[in-house]
Amino acid sequence: MKKISVPKQIRKIAAIRILERFLLLAVLLLVAYVFSDYVINNIYEEANFGNYSFTLFFIYIIPFWLSKIPKKLFDRDWYGEILSFETNNHEFKFFDGKDKREKFSLHALIKEPNGKLHTHRITNEKLFKPGDKVIHVYGMDYITPIRTPSNPGKIVCVCCGGDNETELKHCRYCACTLDVKLVDEKKG
Ligand SMILES: [Zn+2]
């Protein structure tokens, strides 16, 4: 079995990012509280259980869900192999229907050794290919491909997503350590 080795520097950055998400959620909930209080006191003729729970549902559950914090909290370290890529196209049409914008986002479908599947956003498609083994670190937004002599190429910084030559020890964009790797799990 292989184990993911993550340097302390990256654990600290991940802890700060998780804390930032909590603070963002706290601010969202505070705004939601003030707004829901306003709605309940000014829009409904009387505050009863039905309209109160309806308001709470739309004002609390939606920001919580949109913040993606539930997903990020129950996250963990994992590694797996890229099976394929999926492109999502979002089209934005303006009201006159003439002008439109398109936005593409690329996701990789990744399979862990235990069979569990993940979809993870890829910001630079040139750095990944199907068959690459990739590591995801708890709390971080970027996955990194594992480089070996049989699979050479650039490595990706888990902190900023920047591309780096394999001989570098620290990211050339953000100075984060690049030493995230798979090691053999010690027995006993
Ligand atoms: Zn970086």
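In this text the structure is predicted, and so the values were computed from the model without any measurement. (Residues numbered from 1 in each chain as written. Predicted model: local features only at pLDDT ≥ 70, side-chain atom pairs only at ≥ 80, totals over all residues.)

**Student:** I'd love a proper account of the overall build of the protein, names of residues and values included.
**Tutor:** Helix and strand counts for the protein stand at 3 helices and 9 strands. What you see in the protein, going N to C, is helices and strands ordered as β-α-α-α-β-β-β-β-β-β-β-β. Buried residues in the protein amount to 16% of all 188 residues. When contacts within the protein are restricted to residue pairs at least 6 apart in sequence, those whose partners lie at least 24 apart make up 47%. (Helix = DSSP H or I, 4+ residues; strand = E, 2+ residues; numbered from the N terminus. Buried ≥ 20, exposed ≤ 12 C-beta atoms within 10 Å, placed from the backbone. Contact = placed C-beta atoms within 7 Å.)

**Student:** Report on the nonpolar core, specifying residues and quantitative values.
**Tutor:** Core analysis: the largest hydrophobic core is formed by 24 residues, its most contacted members being Ile10, Val137, Cys157, Val158 and Cys159. Counting only elements with at least two residues in this core, the list comes to helix H1 (8-42), strand E2 (78-93), strand E3 (100-111), strand E5 (133-136) and strand E7 (155-156). Val137 has contacts with Val6, Ile10, Ala14, Asp77, Val158 and Val180, leaving out every residue within four places of it along the chain. (Core = buried A, V, L, I, M, F, W, Y, C linked by C-beta atoms within 7 Å.)

**Student:** Give a detailed account of unusual backbone geometry, specifying residues and quantitative values.
**Tutor:** Phi is positive for Ala175, which is not a glycine, with a value near 70 degrees. Position of Ala175 relative to the elements: it lies in the loop between strand E8 (163-164) and strand E9 (181-184). The exposure class of Ala175 is exposed, given the 11 C-beta atoms found within 10 Å.

**Student:** Talk me through helix H2 (residues 49-66); I want residue IDs and the actual numbers.
**Tutor:** The terminal C-alpha atoms of H2, which comprises 18 residues, lie 25 Å apart, in line with the 26 Å expected from a rise of 1.5 Å per residue. Positive backbone phi, at 60 degrees, marks Lys68, one or two positions downstream of H2. (Expected span 1.5 Å × (residues − 1).)

**Student:** Go over the environment of Thr123 with me, naming the residues and quoting the values.
**Tutor:** Turning to its location among the elements, Thr123 is positioned in the loop between strand E4 (117-122) and E5. It is 9.7 Å that separates the C-alpha atoms of Thr123 and Ile143, two residues lying 20 residues apart in sequence.

**Student:** Kindly report on the packing of H1 against H2, identifying the contributing residues and their values.
**Tutor:** The N-to-C vectors of H1 and H2 enclose an angle of 160 degrees; their axes lie 9 Å apart at closest approach. One element, H1, and the other, H2, form an angle in the roughly antiparallel class. The hand of the H1/H2 crossing is right-handed. Counting all contacts with H1, which are made through Leu25, Leu28, Leu29, Ala32, Phe35, Ser36, Val39 and Ile40, the residues of H2 involved are Tyr52, Thr55, Leu56, Ile59, Tyr60, Pro63 and Phe64. (Axes fitted to C-alpha atoms, helices over the stretch in contact; angles between N-to-C directions. Parallel < 35°, antiparallel > 145°, perpendicular 65-115°, else oblique. Left-handed = near helix turned anticlockwise from the far one by under 90°.)

**Student:** Tell me about the environment of Gln9, and name the residues and values.
**Tutor:** One can find Gln9 in helix H1. You can call Gln9 partly exposed: it has 14 C-beta atoms within 10 Å.

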